[in-house]
Amino acid sequence: MKKNLVLLGMPGSGKSSLGKLLAKITGLKLYDIDKLIIEEIGLEIAEIFQTKGEDFFRKIEEKKTLEILKKSNNIIALGGGAFLNEKIRSKILKNDYSVWLKWDKETLTSRLTKSKKRPITYSLKKNDLIKLIEKRAKIYSLAKFKINCNSLTKNQIVNKIMNIYEKN
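Residues numbered from 1 in each chain as written. Predicted model: local features only at pLDDT ≥ 70, side-chain atom pairs only at ≥ 80, totals over all residues. Heavy atoms only, no water.

Caption draft 1: Inspection of the overall build of the protein at higher detail. Scanning the protein from N- to C-terminus turns up 8 helices and 5 strands. Along the chain direction, N to C, the helices and strands of the protein fall in the order β-α-β-α-α-α-β-α-β-α-α-β-α. For the protein, whose C-alpha radius of gyration is 15 Å, the value lies close to the compact-globule estimate of 15 Å for 168 residues. Projected onto its principal axes, the C-alpha positions of the protein cover 40 × 35 × 25 Å. (Helix = DSSP H or I, 4+ residues; strand = E, 2+ residues; numbered from the N terminus. Rg over C-alpha atoms; globule rule 2.2 N^0.38 Å.)

Written as structure tokens, this is what we have:
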């Protein structure tokens, strides 16, 4: 039984889109945690934050993520804040292959300030967004594997992830 391949990183780092490509190539099932939450609650993530609050969202995120982590041999695209949760993080670090999709601050701030889908980031000013990226990077750096994505194409990133998964 093979471990899960867990993609983590800031919103806008490509967890969902790279997860889809990896699922297509490997034939493994993709669990996109944010999409599962949207399906369950019936609201977009930003709407959940606005109407029910971040605490409500984080509780659902924890429950859904821990449920999915019980499975094995899957690809899991975490929500941007999920790895910050100690229960989720310790389970992933103990049982799964964690891959941090690392991008420079300029790339992330450019992507995030253009998006209205990402509730934590779209309302922040650039300096606050940079502070959030730096703060989260300290926790993301605990992942077992890190890929510096900046100068890579999607296919190159996917190949690096595949190498990690196949060699371990």
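Caption draft 2: Molecular detail of the nonpolar core. Of all hydrophobic cores here, the largest spans 49 residues; its most connected members are Leu 78, Val 99, Leu 101 and Ile 161. With 6 residues, the single largest contributor to this core is helix α8 (residues 154-167). Beyond its immediate sequence surroundings of up to four residues, Leu 78 is in contact with Val 6, Leu 7, Leu 8, Lys 15, Ile 33, Thr 65, Phe 83 and Ile 92. (Core = buried A, V, L, I, M, F, W, Y, C linked by side-chain atoms within 4.5 Å. Buried < 20%, exposed > 50% of the residue type's maximum accessible area, 1.4 Å probe, protein only. Contact = heavy atoms within 4.5 Å.)

Caption draft 3: Representation of helix α6 (residues 105-114). Turning to α6, its buried residues number three or more, namely Leu 108, Thr 109 and Leu 112. Down the axis of α6, the smallest arc covering the buried residues is 95 degrees, so these residues share one side. In this structure, α6 carries Glu 106 and Lys 114 as exposed residues pointing more than 90 degrees from its buried face. Those residues of α6 that are buried lie in contact with α7 (126-140). (Arc of directions from axis to C-beta.)

Caption draft 4: Summary view of the sheet that holds strand β4 (residues 97-102). Pairing in this open sheet of 5 strands is parallel, and the strands run β2-β3-β1-β4-β5 from one edge to the other. Both outer strands of the open sheet, β2 (30-32) and β5 (145-148), are each paired with one neighbouring strand and no more. Direction aside, the axes of adjacent strands within the sheet are offset by 20 degrees on average. As paired strands, strand β1 (residues 5-8) and β4 are joined by 4 bridges and run parallel to one another. Looking at β4, one finds that Leu 7 is bridged to Val 99. (Pairing = 2+ DSSP bridges. Axes fitted to C-alpha atoms, helices over the stretch in contact; angles between N-to-C directions.)

Caption draft 5: Broad picture of the packing of aromatic side chains. Counted by the stated rule, this structure contains 4 aromatic pairs. Note on Tyr 97 and Phe 145: the rings are 6.4 Å apart at their centroids and 55 degrees apart in plane angle, and the pair reads as tilted. Residue Tyr 97 is found in strand β4, and its partner Phe 145 is found in strand β5; the two are separated by 48 residues along the sequence. Phe 145 matches Tyr 97 in its accessibility class, with the two residues each being buried. Look at Tyr 97 and Tyr 165: their rings are 5.7 Å apart centre to centre, the planes differ by 90 degrees, and that puts the pair in the edge-to-face class. One end of the pair, Tyr 97, is in strand β4; the other, Tyr 165, is in helix α8, with 68 residues separating them in the sequence. In terms of burial, Tyr 97 and Tyr 165 fall into one category: buried. (Phe/Tyr/Trp six-rings, centres within 6.5 Å; stacked < 30°, edge-to-face > 60°.)

Read these as geometric descriptors, not functional statements.
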